[in-house]
Amino acid sequence: VQFVESGGGLVQPGGSLRLSCAASGFTFSSYRMSWYRQAPGKEREQVAAITSAGGSTNYADSVKGRFTISRDNAKNTMYLQMNSLKPEDTAVYYCSALVGLVRRWGQGTQVTVSS
């Protein structure tokens, strides 16, 4: 199982970024997928999740209305569109799935929101 996140970077407050997570090594279309983030000195938290077919999503209260999770099962890829970014969104963002009763993680991509 492997996840490769990309799309992070430095953005000004109010800006946008689109994260991607390319998955391999398992049947991507059969699994619920999630985005997590971890800010310095804080615990890792789930930001958004999407069911295997993409029919249902849920979000942390802190990102509702600003972030959109999606997936393309034909490309084994998950996305996180982040709009109206705030400094408190600064964190390392990880994609994740529970595969074989083990939570799997990517290496993460850094998102920094600063002027």
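Residues numbered from 1 in each chain as written. Predicted model: local features only at pLDDT ≥ 70, side-chain atom pairs only at ≥ 80, totals over all residues. Heavy atoms only, no water.

*Asks:* Even after reading the chapter, I still don't get the side chain of E5, so can you show me in this structure?
*Replies:* You can see E5 is positioned in strand β1 (residues 2–6). Buried and unpaired, E5 has R44 as its nearest opposite-charge partner, separated by 7.6 Å. Polar contacts involving the side chain of E5 include one to the main-chain amide nitrogen of G108, which spans 2.9 Å. Every residue in contact with E5, bar those within four places of it in the chain, is listed here: S20, C21, W35, Y93, Y94, C95, G106, Q107, G108 and T109. (Helix = DSSP H or I, 4+ residues; strand = E, 2+ residues; numbered from the N terminus. Buried < 20%, exposed > 50% of the residue type's maximum accessible area, 1.4 Å probe, protein only. Lys, Arg positive; Asp, Glu negative; His and termini not counted. Salt bridge = Lys/Arg side-chain N within 4 Å of Asp/Glu carboxyl O. Polar contact = N/O pair within 3.5 Å; in protein donor to acceptor, adjacent residues only side chain to side chain. Contact = heavy atoms within 4.5 Å.)

*Asks:* Explanation requested: the state of the cysteines in the structure shown.
*Replies:* Disulfides are covalent bonds that link the sulfur atoms of two cysteine residues. In total, this model carries one disulfide according to the counting rule given. Across the disulfide from C21 sits C95; the S-S distance is 2.1 Å. Here C21 and C95 share a disulfide; its torsion about the S-S bond, 65 degrees, makes the bridge right-handed. Residue C21 is found in strand β3 (residues 17–24), and its partner C95 is found in strand β9 (residues 91–99); the two are separated by 74 residues along the sequence. For C21, a relative accessible area of 0% gives the class buried. (Disulfide = S-S within 2.5 Å.)

*Asks:* Can you help me understand the pattern of salt bridges in this one?
*Replies:* For side chains bearing opposite charge, pairing can occur when the charged atoms are close. Applying the stated rule across the entire model yields four salt bridges. One salt bridge connects R37 with E45, and the closest N-O pair in it is separated by 2.7 Å. Judged by its relative accessible area of 6%, R37 falls in the buried class. For E45, a relative accessible area of 33% corresponds to the partly exposed category. Where R66 meets D89, a salt bridge forms, and the shortest distance between an N and an O atom there is 2.7 Å.

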